[in-house]
Amino acid sequence: MNLKCIGIVTILLFSVMGIFFSCDDDDKKIVYNNLPVESRHFIENYFSGVDVASVEKEDGEPHYKVELANGFVLRFYRNGGWQEVDGNGVEIPGPVLYDLLPGAILTYVAQEYPDASIVEISQHGYGYEVNLETQPEVKLKFNRDGGIITEIVD
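Please read all numbers here as calculations on a predicted model, not as lab measurements. (Residues numbered from 1 in each chain as written. Predicted model: local features only at pLDDT ≥ 70, side-chain atom pairs only at ≥ 80, totals over all residues. Heavy atoms only, no water.)

Draft legend 1. Broad picture of the sheet that holds strand β7 (residues 138-143). As summarised here, the arrangement of the eight strands in space is β1-β2-β3-β4-β5-β6-β7-β8, forming an open sheet in which the pairing is antiparallel. In this open sheet, the two strands that pair with only one neighbour each are β1 (52-57) and β8 (148-153). Across this sheet, the average inter-strand angle for adjacent strands is 15 degrees, counted without regard to direction. Sheet analysis places strand β3 (residues 73-76) next to strand β4 (residues 82-86), joined by four bridges and oriented antiparallel. For F76, the partnering residue across the bridge sits in β4 and is W82. Running at roughly 150 degrees to β3, helix α3 (residues 37-46) makes contact with β1, β2 (64-68), β3 and β4 of the sheet. Along the sheet, helix α5 (residues 103-112) contacts β5 (117-123), β6 (127-133), β7 and β8; its crossing angle with β7, the most-contacted strand, is approximately 145 degrees. (Pairing = 2+ DSSP bridges. Helix = DSSP H or I, 4+ residues; strand = E, 2+ residues; numbered from the N terminus. Axes fitted to C-alpha atoms, helices over the stretch in contact; angles between N-to-C directions. Contact = heavy atoms within 4.5 Å.)

Structure below.
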């Protein structure tokens, strides 16, 4: 094979690889009914009447990402349990907060940031992270019992 042929083969190979990798995101989309039952119950309980815009199965944890028509993004672990509720700047509804977070977290936020809205929550091995709609943005980390661990001001 001469250098010209090697160059053409190399270009073709990279073109095919580019097409393959650009389709990778589409391969992760799944239908709503393929979510774990626990995830579907979560959505139907807390976001009843809100259309599901897209559902993706991701590698690693969290394992599922659900985008709702109202702009909220939900992430779930492989077993279907919730990992994150992100309102994208919109306040998370009270029933979600009261059911998912320890009362100590809600009390802390109400006392320390009375004018702030909680716009994102997530749970981790250490406990919970809560993002507030404030200027500057405040991220709070709590242990499993709702005790404050750290406060990050961006």
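Once the structure has been displayed, the description carries forward.
Draft legend 2. Summary view of the pattern of salt bridges. This model, assessed by the stated rule, comprises four salt bridges. The partner of E56 in a salt bridge is K29, and the shortest N-O contact between them spans 3.4 Å. Of this pair, E56 sits in strand β1 while K29 sits in the loop between α2 (24-27) and α3; the two residues are 27 residues apart in sequence, bridging distant segments of the chain. Residue E56 is classed as buried on the basis of its relative accessible area, which comes to 17%. Two residues, K139 and D154, come together in a salt bridge whose shortest N-O distance is 3.8 Å. Here K139, found in strand β7, pairs with D154, found in the segment after β8; they are 15 residues apart in sequence, far enough to count as distant. Residue classification places K139 among the partly exposed positions, given a relative accessible area of 25%. We classify D154 as exposed; its relative accessible area is 53%. (Salt bridge = Lys/Arg side-chain N within 4 Å of Asp/Glu carboxyl O. Buried < 20%, exposed > 50% of the residue type's maximum accessible area, 1.4 Å probe, protein only.)

Draft legend 3. Region of the structure containing the confidence of the model for the protein. Taken over all residues, the pLDDT of the protein has a mean of 87, while the share at 70 or more is 82%. With pLDDT under 50 throughout, residues 5-27 is counted as low confidence; its partners more than four residues away or in other chains account for two contacts. (pLDDT = per-residue confidence, 0-100.)

Draft legend 4. Region of interest: the packing of aromatic side chains. Overall, the coordinates contain four aromatic pairs when judged by the stated rule. Ring centres of F42 and F76 lie 5.4 Å apart, and the angle between their planes is 80 degrees; on these two criteria the pair is classed as edge-to-face. Here F42 is found in helix α3, whereas its partner F76 is found in strand β3, with 34 residues between them in sequence. A relative accessible area of 1% places F76 in the buried class. Just above the ring of Y128 sits the side chain of R144; from NZ or CZ to the centre is 5.2 Å. (Phe/Tyr/Trp six-rings, centres within 6.5 Å; stacked < 30°, edge-to-face > 60°. Lys NZ or Arg CZ within 6 Å of the ring centre and 35° of its normal.)

Draft legend 5. A look at unusual backbone geometry. A cis amide bond links Q135 with the next residue in sequence, P136, at an omega value of -5 degrees. Its place among the elements puts P136 in the loop between β6 and β7. Although it is not a glycine, N88 adopts a positive phi angle of roughly 50 degrees. Tracing the sequence through the fold places N88 in the loop between β4 and α4 (94-100).

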